[in-house]
Amino acid sequence: MSVQAGLVGLPNVGKSTLFNALTKSRAPAENYPFCTIEPHMAITHVPDPRIAKLVEIYQSPKIIHATATFVDIAGLVKGAASGEGLGNQFLAHIREVNLILHVLRCFEDPNITHTGDTIDPLEDFEIITQELMLKDLDTIRKRLEKLPKQMRGARDAADRQKLEAETALFKKIDVALEAGNIDKVRTLAASAPDIDTHLLSAKKFLIIANMAEDEIGTYEQNKHFQTLVEKFGADRVVPISAKIEYELAQLSDEEAHELLSMLGMKERGVDAIIHTTYEHLGLITFFTCGPKEIHAWPIKAGTTVKEAAGEIHSDLQRGFICAEVFNCAELFAVGSPTKLKEMGKIRTEAHDYIVQDGDIINVRFNV
């Protein structure tokens, strides 16, 4: 499945530098507003230590990692919803992503231009959120204008009932947006998953706290980081130094590991962002393994094995018979699929089996 996460923030907060570190690409990253105009997009691997163990067991020469797509979206300014800065262009790009990564500046540096008078990441977040809500208010009201005509032309009672439910929901969302109550907006949008609201402000999001290089080992002491954790919770705030991450991305794996050790870091901050992005989108990974290839497949948690087979190829879902399943944790415990089979731990699952993270699947089908 295709997953997109968009990096958003005010100009000069470190978005493009972080994007380059995440994806090892070369998007422009200069010290002036709107350095990024068109969104830069790149696909990066989802780090997974299980793959190296699977390669060792299966001796597979080819590896296909699960991937995530990151989009570096132009910097936002106050008034974007009414066309300021890159305004509507920026907001249209946000509409395409599954998850918003709010990159917030948590460091002081007089040499790097800042759009505000002071460094205040919470205020920066509020500016972005307000612009998203203003755009949503415009979207909702245009939709409400069209709904009465659609109800008059409803094909049947079921169609009319659906449009009535949509109208009732949008009216409640309109009130919440007008009041600036973003938590209520998100609750209302989540209460009706069958109705596509197209709301920007209801999208899932993470907070990326961009620190100074000399604070990365003591980021808990940063007052801005503390404020963000208090507001959003520790599981939603990822501390990084975009500058350090960019430097690490230019090194070989061995050199990067050495620098991480010197800095006292257990893992790259960008790896933490990728993992947290994956988790907040509700994704898990299953594998198909053999002597020719190890393939990691990202799917939504709660996916049935028949639906997962469709991620591999539509024919496998269409002609699904059953699937042989075992988990890589079971495999690592005994060392080989042959031993698992001898122990009777390779299961045959029907179409309604719910795939678990780390499952290794072999689909039986007939088309």
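All values derive from a computational prediction rather than experimental measurement.

How two aromatic rings sit relative to each other is given by the distance of their centres and the angle of their planes. Tallied over the entire structure, the rule returns five aromatic pairs. Geometrically, the ring pair formed by phenylalanine 125 and phenylalanine 232 is edge-to-face, given 4.7 Å between the ring centres and 70 degrees between the ring planes. In this pair, phenylalanine 125 sits in helix 4 (residues 121-152) while phenylalanine 232 sits in helix 7 (residues 223-232), placing the two residues 107 residues apart along the sequence. Phenylalanine 232 carries the same exposure label as phenylalanine 125, and that label is buried. An angle of 15 degrees between the planes, with centres 6.2 Å apart, marks the rings of phenylalanine 286 and tryptophan 297 as stacked. Residue phenylalanine 286 is found in strand 8 (residues 283-289), and its partner tryptophan 297 is found in strand 9 (residues 293-300); the two are separated by eleven residues along the sequence. Overall, tryptophan 297 belongs to the buried group, its relative accessible area being 14%. Aromatic ring contacts, followed pair by pair, group Phe125, Phe205 and Phe232 into a single cluster. Above the plane of the ring of phenylalanine 205 lies arginine 236, whose end atom (NZ or CZ) is 4.6 Å from the centre.

With respect to topology, six strands assemble into an open sheet ordered 2-4-1-5-6-7, the strand pairing being mixed. Pairing within the sheet leaves two strands with one partner each, and these edge strands are strand 2 (40-45) and strand 7 (237-240). Strand after strand, the sheet turns through a mean of 25 degrees between neighbouring axes, direction not considered. Here six bridges tie strand 2 to strand 4 (residues 67-72), and the two strands are oriented antiparallel to one another. When the sheet's bridge partners are listed, threonine 44 is paired in strand 4 with alanine 68. In the packing of helix 1 (residues 15-23) onto the sheet, contacts are made with strand 1 (4-8), strand 2, strand 4, strand 5 (99-105), strand 6 (204-210) and strand 7, and the angle to strand 4 comes to roughly 160 degrees. Against the sheet, helix 10 (residues 269-280) touches strand 1, strand 2, strand 4, strand 5, strand 6 and strand 7, its axis set at about 165 degrees to strand 7.

To continue, consider the environment of threonine 285. Residue position: threonine 285 is located in strand 8. Threonine 285 gets classed as buried once you look at its relative accessible area, which sits at 3%. In this structure the C-alpha to C-alpha distance between threonine 285 and isoleucine 360, which are 75 residues apart in sequence, comes to 9.4 Å. Look past the residues within four positions of threonine 285 in its chain and what remains in contact with it is Asp48, Arg50, Tyr278, Ala296, Trp297, Gln356, Asp357, Gly358 and Asp359. Looking at threonine 285, its side chain comes within polar contact range of the side chain of tyrosine 278, at 2.7 Å.

The rules behind these values
Residues numbered from 1 in each chain as written. Predicted model: local features only at pLDDT ≥ 70, side-chain atom pairs only at ≥ 80, totals over all residues. Heavy atoms only, no water. Phe/Tyr/Trp six-rings, centres within 6.5 Å; stacked < 30°, edge-to-face > 60°. Helix = DSSP H or I, 4+ residues; strand = E, 2+ residues; numbered from the N terminus. Buried < 20%, exposed > 50% of the residue type's maximum accessible area, 1.4 Å probe, protein only. Lys NZ or Arg CZ within 6 Å of the ring centre and 35° of its normal. Pairing = 2+ DSSP bridges. Axes fitted to C-alpha atoms, helices over the stretch in contact; angles between N-to-C directions. Contact = heavy atoms within 4.5 Å. Polar contact = N/O pair within 3.5 Å; in protein donor to acceptor, adjacent residues only side chain to side chain.

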